[in-house]
Amino acid sequence: MSDALSLVLLALLVVTALAATFSRDLLAAVIVFSGYSLVMALLWQRLQAPDLALTEAAVGAGVTTVLFVTAIFKTQRMEEEGGDRHRRGGANEKESVEK
Amino acid sequence: MKKVVSLCFIGALGVLLLMLVSSMPRMGDPGSPTNRRVVDRYLEKAEEETGTENVITGVILNYRGYDTMGEVTVIFTGLAAVLAVLGREKRGRVYAYPDRSPVRSSIIVRSAAGFLLPFIALFSLYTVLHGEISPGGGFQGGAVMAAGMFLFAAAFGLWKAGRTVPPRLRFAVEGAAPITFFLVGVAGLLGGGEFLAYMLPRVSAGLQPALRTWLTLLVEGGIGAGGAMIFISVLMALAREEVGGGQAA
């Protein structure tokens, strides 16, 4: 029973990690990453580490999420095609030469 | 070609890491190195020796206080570096925040935040002050407080949050964590004691246990207050934009 719950949580962890990595919408990625932290906090609790669970929930799901959202607010929300994430720098010359 | 090489490298690294995982001791294994040596001592003597009921707090702040002080210093130096890069508010300049639009957040958001905030603040204080008995402590409580202030900023606007926690207060309290830790450590040296012994000179033996608890609490409080303030400072520094006043930098 408890193993089943752990397995579900671990599966969720992998799914949220992959979703956050592959999402082109950075805002969505940040929110999913916040979910990742929440699942991680539950897992810490299941590993009998309540101190770590508290830290993960407050810092991972709370503080860093807001900081990331603020950073996105000041840059741009969508990741561009071709993996170039810089708005102001424009296309990276080195990369465009290689293509 | 580049992609294939990267994939191979990452795959090899993953296999290597998984192999290492399989050689780790099982959780709770009585024969594992961590469980063989110091655990018994911690579990039996921590309350008496460190003055904290929560063994984790006793280990982090007392038995391994030296390491924790180093960690706290590293974390706060890192955050101070972030603040140095992002820049400080300067007198006589005008700042704007990206959310300063005429449209306020919806009444649902504002009511829910207003309802939750007192509880978050109370829970944060509880986590800091009760950290020596139950799970939690200064850093956790400080992070909860910072998250609460972030919620306030999200619901009522960064500008208002910046006025509720004015820069003067933040600048004064930000460094509290390493400073209180260091001062309590040095206090142990007074009268020929040890660094970070959580003791003061000329205190009778009967009062020592209570004093240890209070000094631990002081360190927790310093970490909590400093942590909360420096997180809020990072948010404000990240969000604000200079719009005028003063001379060009």
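Residues numbered from 1 in each chain as written. Chains lettered and ligands numbered in written order. Predicted model: local features only at pLDDT ≥ 70, side-chain atom pairs only at ≥ 80, totals over all residues. Heavy atoms only, no water.

Trainee: Can you tell me about the overall build of chain B, naming the residues and giving the values?
Mentor: Helices and strands together make up the secondary structure of chain B, namely 11 helices and 2 strands. Reading chain B from its N terminus to its C terminus gives the helix and strand order α-α-α-α-α-β-α-α-α-α-α-α-β. Expressed as a percentage of the 249 residues in chain B, the buried residues total 37%. Here the analysis covers contacts within chain B between residues at least 6 apart in sequence; of these, 70% occur between residues at least 24 apart. Carbon and sulfur atoms make up 69% of the accessible area of chain B, which amounts to about 15000 Å² in all. (Helix = DSSP H or I, 4+ residues; strand = E, 2+ residues; numbered from the N terminus. Buried < 20%, exposed > 50% of the residue type's maximum accessible area, 1.4 Å probe, protein only. Contact = heavy atoms within 4.5 Å. Areas by Shrake-Rupley, 256 points an atom, 1.4 Å probe, with all protein chains shown as cover.)

Trainee: Can you lay out the interface of chain B and chain A for me, pointing to particular residues and giving the numbers?
Mentor: The interface of chain B with chain A comprises 23 residues on the first partner and 17 residues on the second. When the two sides are added together, the surface that chain B and chain A hide from each other amounts to roughly 1600 Å², 78% of it contributed by carbon and sulfur. Here chain B is connected to chain A by 0 salt bridges. Broken down by secondary-structure element, the contributors of at least two residues to the side of chain B that touches chain A are helix H6 (107-129), helix H7 (138-156) and helix H11 (208-239) of chain B. Considering every element that reaches the side of chain B that touches chain A, the biggest residue donor is H7 of chain B, with 7 residues. Looking at the side of chain B that touches chain A residue by residue, the classes come out as 16 nonpolar, 4 polar and 3 charged. (Buried area = accessible area lost by both parts, 1.4 Å probe. Salt bridge = Lys/Arg side-chain N within 4 Å of Asp/Glu carboxyl O. Nonpolar A, V, L, I, M, F, W, Y, C, P; charged D, E, K, R; others polar.)

Trainee: Explain H7 of chain B to me, and be specific about the residues and the numbers.
Mentor: The periodicity of an α-helix, 3.6 residues per turn, causes residues three or four positions apart to be oriented the same way. Taking 1.5 Å as the rise per residue, H7 of chain B with 19 residues should run 27 Å; its terminal C-alpha atoms sit 27 Å apart, in good agreement. Looking at the residues trailing H7 of chain B, positive phi occurs at Gly157 of chain B, about 100 degrees. (Expected span 1.5 Å × (residues − 1).)

Trainee: Kindly report on the pattern of salt bridges, identifying the contributing residues and their values.
Mentor: Residues and elements named next belong to chain A. Applying the stated criterion to the full structure yields 1 salt bridge over all chains. Between Arg77 and Asp25 there is a salt bridge, and its shortest N-O distance comes to 2.8 Å. One end of the pair, Arg77, is in the loop between helix H3 (50-74) and helix H4 (93-98); the other, Asp25, is in the loop between helix H1 (2-22) and helix H2 (26-46), with 52 residues separating them in the sequence. Among the residues examined, Arg77 registers a relative accessible area of 43% and is labelled partly exposed. Accessibility expressed as a relative area gives 16% for Asp25, which makes it buried.

Trainee: Please provide a residue-by-residue account of the layout of surface pockets, values included.
Mentor: By volume, the largest pocket is sized at about 1900 Å³. Every element with two or more residues in the lining of the largest pocket is listed here: H2 and H3 of chain A together with helix H2 (33-36), helix H3 (39-50), helix H4 (55-63), helix H5 (65-86), H7 and H11 of chain B. The leading source of residues in the lining of the largest pocket is H4 of chain B, at 6 residues. Here the lining of the largest pocket is built from residues that sort into 23 nonpolar, 12 polar and 7 charged. (1 Å grid on protein atoms, 1.4 Å probe; cavity = no way out; pocket = protein on both sides within 12 Å on 5 of 7 lines; lining within 4 Å. Points joined across faces, edges and corners; volume = space filled by probe spheres on them.)

Trainee: Describe the side chain of Arg240 of chain B, and please don't skip the residues or the numbers.
Mentor: Among the structural elements, Arg240 of chain B can be located in the loop between H11 and strand S2 (241-244). Here Arg240 of chain B is in contact with Lys74 of chain A together with Leu86, Gly87, Arg88, Glu89, Tyr95, Ala96 and Tyr97 of chain B, once residues within four sequence places are set aside.

Trainee: Requested: an account of the packing of aromatic side chains, with residues and values cited.
Mentor: One pass over the full model with this rule turns up 9 aromatic pairs over all chains. One aromatic cluster in this structure is built from Phe33, Tyr36 and Phe68 of chain A. (Phe/Tyr/Trp six-rings, centres within 6.5 Å; stacked < 30°, edge-to-face > 60°.)

Trainee: How would you summarise the packing of H3 of chain A against H11 of chain B if you had to cite specific residues and measurements?
Mentor: In contact at an axis separation of 9 Å, H3 of chain A and H11 of chain B are set at 10 degrees when each is read in the N-to-C sense. By the angle class used here, H3 of chain A and H11 of chain B are roughly parallel. Contacts between H3 of chain A and H11 of chain B involve Val63, Val66, Leu67, Thr70, Ala71 and Lys74 of chain A from the first element and Phe231, Val234, Leu235, Leu238 and Ala239 of chain B from the second. Among the residues making up the contact of H3 of chain A with H11 of chain B, the classes are represented as 9 nonpolar, 1 polar and 1 charged. (Axes fitted to C-alpha atoms, helices over the stretch in contact; angles between N-to-C directions. Parallel < 35°, antiparallel > 145°, perpendicular 65-115°, else oblique.)

Trainee: Give me the packing of H3 of chain A against H7 of chain B: which residues, what numbers.
Mentor: The contact between H3 of chain A and H7 of chain B brings their axes to 9 Å, and the two run at 30 degrees. In terms of axis orientation, H3 of chain A runs roughly parallel to H7 of chain B. Read as a crossing pair, H3 of chain A and H7 of chain B show a hand that is left-handed. Contacts between H3 of chain A and H7 of chain B involve Asp51, Leu54, Thr55, Ala58, Val59, Gly62, Val63, Val66 and Leu67 of chain A from the first element and Phe139, Gln140, Ala143, Val144, Ala146, Ala147 and Phe150 of chain B from the second. (Left-handed = near helix turned anticlockwise from the far one by under 90°.)

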